[in-house]
Amino acid sequence: MTIFQGPVFDMARKQFTTIADYLEIDESDRERLLYPKRAVAISCPIHLDDGRTAVFQGYRVQHHLTLGPTKGGTRFAKSVDMGEVAALAVWMSWKCALAGLPYGGAKGGITVDPSALSLREMEALSRRYMQELIPFVGPHVDVMAPDMGTNEQVMAWFMDTYSMYQGRTVSEIVTGKPVQSGGTEGRREATGLGVAHLTARAMSELAIDPSRATAIIQGFGNVGSVTAFELLRRGVKIIGVSDHTSCFFDRNGLNVEAMVNHVGRHGSLRGFEADEFDPVDLLIQPCDILIPATMERVIDADVARGLKCRILAEGANGPTTPEADAVLEDRGKDIFVIPDILCNAGGVIVSYFEWVQDLQQFFWGYDEVVSRLNQILDKSFHDVVERAKRDGISHRTAAMGIGVNRVRLAKKKRGLFP
Ligand SMILES: NC(=O)C1=CN([C@@H]2O[C@H](COP(=O)(O)OP(=O)(O)OC[C@H]3O[C@@H](n4cnc5c(N)ncnc54)[C@H](OP(=O)(O)O)[C@@H]3O)[C@@H](O)[C@H]2O)C=CC1
Ligand SMILES: O=C(O)CCC(=O)C(=O)O
């Protein structure tokens, strides 16, 4: 199992061990549940604008095939490697199972800094990536979606590349597409809508009045910016925001609308007119709600000791290390954690709706999408909070415990000796 290495996969492995102990899973069943079924590594050569040829490394990991096709996003980032992608695929499995979706988890990506590519280079790389993966994906095999560094446009290129190969439009091959190309209403906003909806649920559990609450959000891409907007709409004051280029903090509240417009025009927060703040200190400022919406492992044990929020709503995948989880436990659960596989599940839930609509060629309106999304999120939230109370465990152990157990039972029911 040596191809799945690195700090992010180690994190997924440690979390799984905690869950396997909690569920008392037999030692002999553990590897079968944890290690991915398939992992593909590809080379993607493209012509750069200056005439040179560059080769980019790409990956796709399909964790398990027990419940249906595999499902998960595609990440374009410098950090991408087999270990990171595999961990993200494993988390997708527990996330889909917790939400009751008929999928196994998958994830893919390319090791690249997307901000260094021109639009033409980005299209060439996206198309090449999909082309190389055609033998390994399909609407009933593995269905991709956006993640960090990719967006609706990339999904449209993926869909077009696959469709040209098939000789017909296959919109159900990817989700997160533009509405004009077979996408669903609400997918672009879905993850942030879900994060904000669940944060509101947590505020109501803790009797926090949204109009007196403050929030800090790390990351201002798809998830961070929509979450900021949705919380603001509920009356929450956004006092801290950052991306790669800039970090802003203002106790009196930041102008989120102006920030969204600035990012729309310039691609990042760089140059936005507000006082800069040290990003290292952002996460440990006093606030009611803290939302990491960037990379894995940004909350380690040290940061966890310094956290001064009441709700930690994990928009990102894997923002909190197992060591940080132990610190949060020691702090006596004074922070209400909405774990990633629950908190950011809105994206894959609406992707499921998109896939179903594409398969049927029967499309729903925005209100129907959001109402069905909230129904699933409410049920998952209730299941997690009640399980945590019943068994005296953390929300993460409860969420992952429910997800892992559903996959385990599905495997067992299909037969022990396939
Ligand atoms: N998109 C989706 O539907 C889903 C996404 N997620 C997870 O949410 C997280 C964010 O994804 P998404 O919003 O789609 O990605 P985007 O690429 O749209 O945005 C990522 C944001 O994070 C910022 N960022 C990246 N690294 C850092 C850093 N080290 N410090 C500060 N800011 C940083 C980026 O800044 P800059 O632009 O300057 O690089 C950008 O603002 C990821 O963990 C992803 O896996 C989870 C579920 C679904
Ligand atoms: O929408 C999807 O299929 C997957 C989204 C995703 O990558 C995630 O939830 O981390």
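Conventions adopted
Residues numbered from 1 in each chain as written. Chains lettered and ligands numbered in written order. Predicted model: local features only at pLDDT ≥ 70, side-chain atom pairs only at ≥ 80, totals over all residues. Heavy atoms only, no water. Buried < 20%, exposed > 50% of the residue type's maximum accessible area, 1.4 Å probe, protein only. Helix = DSSP H or I, 4+ residues; strand = E, 2+ residues; numbered from the N terminus. Pairing = 2+ DSSP bridges. Right-handed = clockwise from strand over helix to strand, strands pointing away. Phe/Tyr/Trp six-rings, centres within 6.5 Å; stacked < 30°, edge-to-face > 60°. Lys NZ or Arg CZ within 6 Å of the ring centre and 35° of its normal. Domains from an automatic or database assignment. Contact = heavy atoms within 4.5 Å. Buried area = accessible area lost by both parts, 1.4 Å probe. Salt bridge = Lys/Arg side-chain N within 4 Å of Asp/Glu carboxyl O. Polar contact = N/O pair within 3.5 Å; in protein donor to acceptor, adjacent residues only side chain to side chain. Axes fitted to C-alpha atoms, helices over the stretch in contact; angles between N-to-C directions. Near = heavy atom within 4 Å. Areas by Shrake-Rupley, 256 points an atom, 1.4 Å probe, with all protein chains shown as cover. Disulfide = S-S within 2.5 Å. Core = buried A, V, L, I, M, F, W, Y, C linked by side-chain atoms within 4.5 Å.

(A) Summary view of the pairing of strand 7 (residues 237-242). The buried fraction of strand 7 is high, at 5 of 6 residues. Where strand 6 (residues 214-218) lies against strand 7, 5 bridges are found, and the strand directions are parallel. Among the inter-strand pairings, Ile216 is bridged to a residue of strand 7, identified as Gly240. In this view, the connection linking strand 6 to its parallel neighbour strand 7 by way of helix 7 (residues 222-233) has right-handed handedness.

(B) Broad picture of the packing of aromatic side chains. For the structure shown, the criterion picks out 14 aromatic pairs. Aromatic ring contacts, followed pair by pair, group Tyr103, Tyr352, Phe353, Trp355 and Trp364 into a single cluster. A cation over a ring is seen here: Arg372 above Trp364, with NZ or CZ 4.6 Å from the ring centre.

(C) Local environment of the domain arrangement of the protein. Segmentation of the protein into domains returns domain 1 (7-174) and domain 2 (190-343). Contact residues are listed per partner, giving 16 residues for domain 1 and 12 residues for domain 2. Roughly 1,200 Å² of surface becomes buried between domain 1 and domain 2 when both sides are summed, with 65% attributable to carbon and sulfur atoms. Ranking the residues of domain 1 by area buried against domain 2 places Met11, Trp91 and Lys95 at the top, with a combined share of 38%. Scanning the region where domain 1 abuts domain 2 turns up 2 salt bridges. Taking the shortest distance from any N to any O, the salt bridge between Glu296 and Arg75 comes out at 2.5 Å. On inspection of domain 1 and its partner domain 2, the count reaches 3 residue pairs in polar contact (both at pLDDT 80 or more). Among the elements of the structure, helix 1 (7-22) and helix 3 (82-99) are those that each provide at least two residues to the side of domain 1 that touches domain 2. If one sorts the elements of the side of domain 1 that touches domain 2 by residue count, helix 3 sits on top with 6 residues.

(D) Up close: the sheet that holds strand 4 (residues 104-111). Taken in spatial order, the 5 strands of this open sheet run 1-2-4-3-5, and their pairing is mixed. Both edges of this open sheet fall to strand 1 (38-47) and strand 5 (142-146), since each of them pairs with a single strand only. Adjacent strand axes in the sheet meet at a mean angle of 25 degrees when their direction is disregarded. In this structure, strand 3 (residues 70-77) lies alongside strand 4, joined through 6 bridges in parallel fashion. Residue pairing in the sheet places Arg75 in a bridge with Gly109 of strand 4.

(E) A look at the site of ligand 2. Near ligand 2, the surroundings consist of 14 residues, among which Lys71, Lys95, Lys107, Asn317 and Ser351 are the closest. Between an oxygen atom of ligand 2 and a main-chain N or O atom of Gly73, the distance comes to 3.0 Å. Interatomic distance of 2.6 Å between a side-chain N/O atom of Lys95 and an oxygen atom of ligand 2. Computed on the free molecule, ligand 2 has an accessible area of 290 Å², of which 96% lies beneath the protein chains in the complex. At the level of elements, strand 3, helix 3, strand 5 and helix 13 (346-360) are the ones that each hand at least two residues to the shell around ligand 2.

(F) How the structure looks around the environment of Ile173. Within the fold, Ile173 resides in the loop between helix 5 (152-166) and helix 6 (187-205). Along the backbone, Ile173 and Gly415 are 242 residues apart, and their C-alpha atoms lie at a distance of 29 Å. Ignoring sequence-local partners within four residues, the contact set of Ile173 consists of Met130, Val137, Gly138, Pro139, Asp142, Val143, Met144, Met159 and Tyr162.

(G) Structural detail: the state of the cysteines. If you walk through the whole model with that rule in mind, you get 0 disulfides. Of the cysteine sulfurs around Cys343, a residue in no disulfide, the closest is that of Cys309, at 12 Å.

(H) Quick peek at the nonpolar core. Trp91, Trp94, Ile311, Ile338 and Ile349 are the most contacted members of the largest nonpolar core, which has 93 residues in total. Broken down by element, the residue count for this core peaks at 14 residues, all from helix 3. In this structure, this core is formed jointly by two domains, domain 1 (7-174) and domain 2 (190-343), each of which donates at least three residues. Excluding residues within four positions of it along the chain, Trp91 makes contact with Val8, Met11, Ala12, Gln15, Glu296, Asn317, Gly318, Ile341 and Met400. Ranked by size, the runner-up nonpolar core spans 28 residues in total, among them Val40, Phe56, Phe76 and Met159.

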